[in-house]
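Chain and residue survey
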Amino acid sequence: MATKVFMEALSPTMEEGRLVKWLKNEGDKVASGDVLAEVETDKAIMELVARGDGVLRKRLIGENATAPVGTLIGVIAAADEKIDDLTAGAPEKQDGAQAQSAPAPPASAATAQPAAPTEAAPEKVQPQAPSRTSEAKPQTSVAKSSPLARRLAAERGVDLTSVSGTGPGGRIVKRDIETARAAAPAAAAQAPRAPRPRSDADYSDVPLTQIRKTIARRLVESIGPIPTFYLTAEVDMERVAEMRGAMAQMGEEYKVSFNDIVLKAVATALAQHPEVNAHWLGDAMRFWNRVHLGIAVATEAGLITPVIFDADQKRLSEIAAEARDLAGRARERRLKPEEYTGSTFTVSNLGMFGIEHFTAIINPPEAGILAVGAIESRPVAQNENVVVRRRMRVTMSCDHRVIDGAAGAKFLQTLKRLIENPLMLVY
């Protein structure tokens, strides 16, 4: 009995997917659970798995083609089974283009179901189910390398296949990545620069990725309908810098970033101000008793917001480790849908880019988002003297339908007090 292969909703907000790569060719034997293809959703690259046994008889869209959720993209059947009735009316296979197909059944992206089989062509229909995150990544295909080395390589643009390991058994470790990174500028300086390729065209059009489409849609949903106001506060960072330095001297396992400390402070402040840790639902306001903190991460494909769940209940070291792990896998596009949905409040930090101050766009249905700027040395008045102190500006974007000015100001007061007295975060 044949099994139809549909473009599945592999994330809660997915409306269409781009087939990145077929992992099975026509004529290959397939068992239920085998990975058929890699699909780019609105957030990550996921695996599309087979829902039946047999042979992949037909691939109806090509690699890089985009298709709406619910579109028939392939057929699994016995080697001698007739499938003409199943593929009748399907478009000719297209590569790198929008796959035009019969409209999907009327349902949301997260719950769309394939059409029921007809009596003339009985078959098993693929249920839509979450899929495992794709791990077919060049950076993680090297067998002998530590997790830390793989993360550093991904962050610093080091090709693991070109690195010689000095760890036990030739394992690539942190120092190997640092050595390769240090050698790269010297090698680049010695190599002659290739002339920049020229084109006769006045411009080039780049198709939108699924994540960029989602970002565009969410921005329209946020910046227009939401009545937003902004509150800015300046925070003294001297004690944070001192505490962070003291922790680093205790060993590698105690190292935390400035952003980790800010995240812990935000989570603690949100627990004290549930009126800020809230969602706008249209006909109701939801005030959360748990703090699920979204952290905005920039990737090559666009912005994604992994979530630290119950962040107010976690120690600073736990937040630091989880934030590093989530950010690393977000850049590799290996997050699972449940890891980037469900936040109650979001933090966006551009301080590492030298941005002193900015305003962030609220991610609905959340009622607020905090924009964190760079830490800079500034002259400030202290005890009738002018001294130089490390300072940081934070700006909260507030949905006025949920958060009043006074409520937002009180939250920032609490946040400022926590950051300026960081020992309160580690007791």
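Note that the structure is predicted; figures quoted are calculated from it, not measured.

Our focus in this paragraph is the overall build of the chain. Looking only at helices and strands, the chain has eight helices and 19 strands in total. The 427 residues of the chain split such that 45% are buried. Total accessible area computed for the chain in this model is approximately 22200 Å², and 52% of it derives from carbon and sulfur atoms.

Before going further, it helps to spend a moment on the packing of helix 6 (residues 258–272) against helix 8 (residues 405–420). Contact pair helix 6 / helix 8: the axes reach a minimum separation of 9 Å and the direction vectors enclose 135 degrees. As far as their axial angle goes, helix 8 and helix 6 are oblique. Here the hand of the crossing between helix 6 and helix 8 comes out right-handed. On the side of helix 6, the interface is formed by V262, A265, V266, T268, A269, L270 and Q272, while helix 8 contributes F411, T414, L415, R417, L418 and I419. For the contact of helix 6 with helix 8, the residue count by class is nine nonpolar, three polar and one charged.

Within a sheet, neighbouring strands are paired by backbone hydrogen bonds and run either parallel or antiparallel to one another. The sheet built from four strands is open, its strands ordered 5-4-2-7 with antiparallel pairing. Each edge of the sheet is formed by a strand with only one pairing partner; in this case those strands are strand 5 (45–49) and strand 7 (66–68). On average, each strand axis in the sheet is tilted by 40 degrees relative to the strand beside it, whichever way the strands run. As paired strands, strand 4 (residues 35–40) and strand 5 are joined by five bridges and run antiparallel to one another. Bridge assignment links V39 to a residue of strand 5, and that residue is M46. Each of strand 2 (16–22), strand 4 and strand 7 is contacted by helix 4 (residues 210–223), which is oriented at about 165 degrees to strand 2, the strand it contacts most.

Looking now at the confidence of the model for the chain. For the chain, the mean per-residue pLDDT works out to 81, and 82% of the residues sit at or above 70. Note on residues 97–141: pLDDT is under 50 here. Beyond four places in sequence and across chains, it has 110 contacts.

A cis amide bond, omega 10 degrees, links P364 with the succeeding residue P365. Mapping P365 onto the fold places it in the loop between strand 17 (345–349) and strand 18 (368–382). With a phi angle near 75 degrees, N64 is a residue other than glycine that sits in the positive phi range. Relative to the helices and strands, N64 resides in the loop between strand 6 (54–59) and strand 7. On the basis of relative accessible area, N64 is assigned to the partly exposed category, the value being 39%. With a phi close to 55 degrees, N383 is a non-glycine residue in the positive phi region. By secondary structure assignment, the location of N383 is in the loop between strand 18 and strand 19 (385–399).

Side chains of L219, I223, Y230 and I361 sit close together on the surface and give an oily, nonpolar patch of about 350 Å² of accessible area. Of note, I223 is situated in helix 4.

The subject of this paragraph is the sheet that holds strand 16 (residues 307–308). Strand order in this open sheet of six strands is 10-19-18-17-13-16, and the pairing throughout is mixed. On the outer flanks of this sheet lie strand 10 (228–236) and strand 16, each paired with one strand and no other. With 13 bridges connecting them, strand 18 and strand 19 associate as antiparallel partners. Within strand 19, the residue paired with S377 across the bridge is R390. Each of strand 10 and strand 19 is contacted by helix 5 (residues 238–249), which is oriented at about 95 degrees to strand 19, the strand it contacts most. The sheet contacts of helix 8 involve strand 10, strand 17, strand 18 and strand 19, and relative to strand 10 the element is tilted by about 20 degrees.

The next subject is the nonpolar core. By size, the foremost hydrophobic cluster in this structure holds 56 residues, and its most contacted members are V266, L370 and F411. It is helix 6 that contributes the most residues to this core, eight residues altogether. One finds L48, L56, V69 and I73 within the second-largest nonpolar core, a separate group that totals 22 residues.

Under the defined criterion, the tally for this structure stands at one aromatic pair. Pairing F345 with F411 gives two aromatic rings, centres 5.8 Å apart and planes at 55 degrees, and the pair type is tilted. Linking F345 in strand 17 with F411 in helix 8, this pair joins segments that are 66 residues apart in sequence. Taking relative accessible area as the criterion, F345 reaches 0% and is therefore assigned buried.

On to helix 4, then. End to end, helix 4 covers 20 Å across 14 residues, agreeing with the expected 20 Å (1.5 Å per residue, within 8%). Among all positions of helix 4, only Q210, I211, T214, I215 and S222 are buried. The buried residues of helix 4 occupy an angular sector of 135 degrees when the element is viewed end-on, so they sit on one face. Set apart from the buried face of helix 4 by more than 90 degrees, the exposed residues are V220 and I223. Where the residues of helix 4 are buried, they touch strand 2, strand 4, strand 7 and strand 15 (302–304).

Conventions and cut-offs
Residues numbered from 1 in each chain as written. Predicted model: local features only at pLDDT ≥ 70, side-chain atom pairs only at ≥ 80, totals over all residues. Heavy atoms only, no water. Helix = DSSP H or I, 4+ residues; strand = E, 2+ residues; numbered from the N terminus. Buried < 20%, exposed > 50% of the residue type's maximum accessible area, 1.4 Å probe, protein only. Areas by Shrake-Rupley, 256 points an atom, 1.4 Å probe, with all protein chains shown as cover. Axes fitted to C-alpha atoms, helices over the stretch in contact; angles between N-to-C directions. Parallel < 35°, antiparallel > 145°, perpendicular 65-115°, else oblique. Left-handed = near helix turned anticlockwise from the far one by under 90°. Contact = heavy atoms within 4.5 Å. Nonpolar A, V, L, I, M, F, W, Y, C, P; charged D, E, K, R; others polar. Pairing = 2+ DSSP bridges. pLDDT = per-residue confidence, 0-100. Patch = residues over 30% accessible without salt bridge, like charges linked within 9 Å, V, L, I, M, F, W, Y side chains within 5 Å. Salt bridge = Lys/Arg side-chain N within 4 Å of Asp/Glu carboxyl O. Core = buried A, V, L, I, M, F, W, Y, C linked by side-chain atoms within 4.5 Å. Phe/Tyr/Trp six-rings, centres within 6.5 Å; stacked < 30°, edge-to-face > 60°. Expected span 1.5 Å × (residues − 1). Arc of directions from axis to C-beta.

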